[in-house]
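# Fold and geometry: a report
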Amino acid sequence: MPQLTPHFFRQARGELLAGLPRFGDGPSRVRFRHIMHPYFDRAVPFNNAVQEITFETIRIAAAAAPQIATRCVCVTLAEEAHIVPPDFLAVPKLDRFVGEVAQFEHPRPLPLLFDGLDHGLAAPLAPAEGEEYVVFTNSDIHLLPHFYRTLARLVAEGYDVITVNRRVIPRYPGGAADLPLMFADYGKDHPGFDCFVFPARIYDDFVKSDACVGASMVMRS
């Protein structure tokens, strides 16, 4: 696996995880705080259905890793907190948009990335064993059942910060009922960054940007 710097590895196209360098010096026990920004889309109702599938895949992945304490924190606008399922933690704290920090030719009410992370990390969770790691995904990212278990394994092998690139699958008409087919679909490569994993203890050292959620290229910062 290409080692681009002394502390950075990148899985290349067609390269198997069997060749992943193993250091074995990461925490053997972790817990995950999964932060996301669900929203209610009045213009494109299909996006609301996609989020329902996302919620279900998070439940499936968490159930497949009962030894890992996992809690999904949904940071929303106050008027949209009702879309969060009762088994997820709703944090209706978003109160500003990217239009308040910059001017755009086509204004869109997109929340700021670090507003969501700030509020998501401030949400009180029940105590649990293991070092806390933050998982941040966009609301249209569906997890495979082994998602949390794989992250825990990578962390144990010594990988502190992880990005997981998604694969794109076609639209399945059956919604969540078609999840077995979606899980079996290999899909196609996607170049964007939609999933980030990092230890909560390093968050205070981040250099915050005015990046927003919901537009292309914004996660590169």
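Values in this document were obtained by computation on a predicted structure and should not be read as measured data.

## Here's the deal with the environment of F23
Among the structural elements, F23 can be located in the loop between β2 (8-9) and β3 (30-36). Accessibility expressed as a relative area gives 46% for F23, which makes it partly exposed. Through-space distance from the C-alpha of F23 to that of A215 is 36 Å; in sequence the pair is 192 residues apart. Setting aside its immediate chain neighbours within four residues, F23 contacts F9, E157 and Y159.

## Let's talk about the pattern of salt bridges
Counting across every chain of the model gives 13 salt bridges. One salt bridge in this structure joins D87 and R59, with 2.6 Å as the shortest N-O distance. Of this pair, D87 sits in the loop between β4 (69-77) and β5 (89-94) while R59 sits in helix α1 (residues 45-63), placing them 28 residues apart in sequence. Relative accessible area serves as the criterion here: at 40%, D87 is assigned to the partly exposed category. Take R59: its relative accessible area is 30%, and that puts it in the partly exposed class. Among the salt bridges present, the one from E157 reaches R153, with a minimum N-O distance of 3.2 Å. A single salt-bridge network, built from bridges that share partners, covers R22, R153 and E157.

Each value, and the rule that gives it
- Residues numbered from 1 in each chain as written.
- Predicted model: local features only at pLDDT ≥ 70, side-chain atom pairs only at ≥ 80, totals over all residues.
- Heavy atoms only, no water.
- Helix = DSSP H or I, 4+ residues; strand = E, 2+ residues; numbered from the N terminus.
- Buried < 20%, exposed > 50% of the residue type's maximum accessible area, 1.4 Å probe, protein only.
- Contact = heavy atoms within 4.5 Å.
- Salt bridge = Lys/Arg side-chain N within 4 Å of Asp/Glu carboxyl O.

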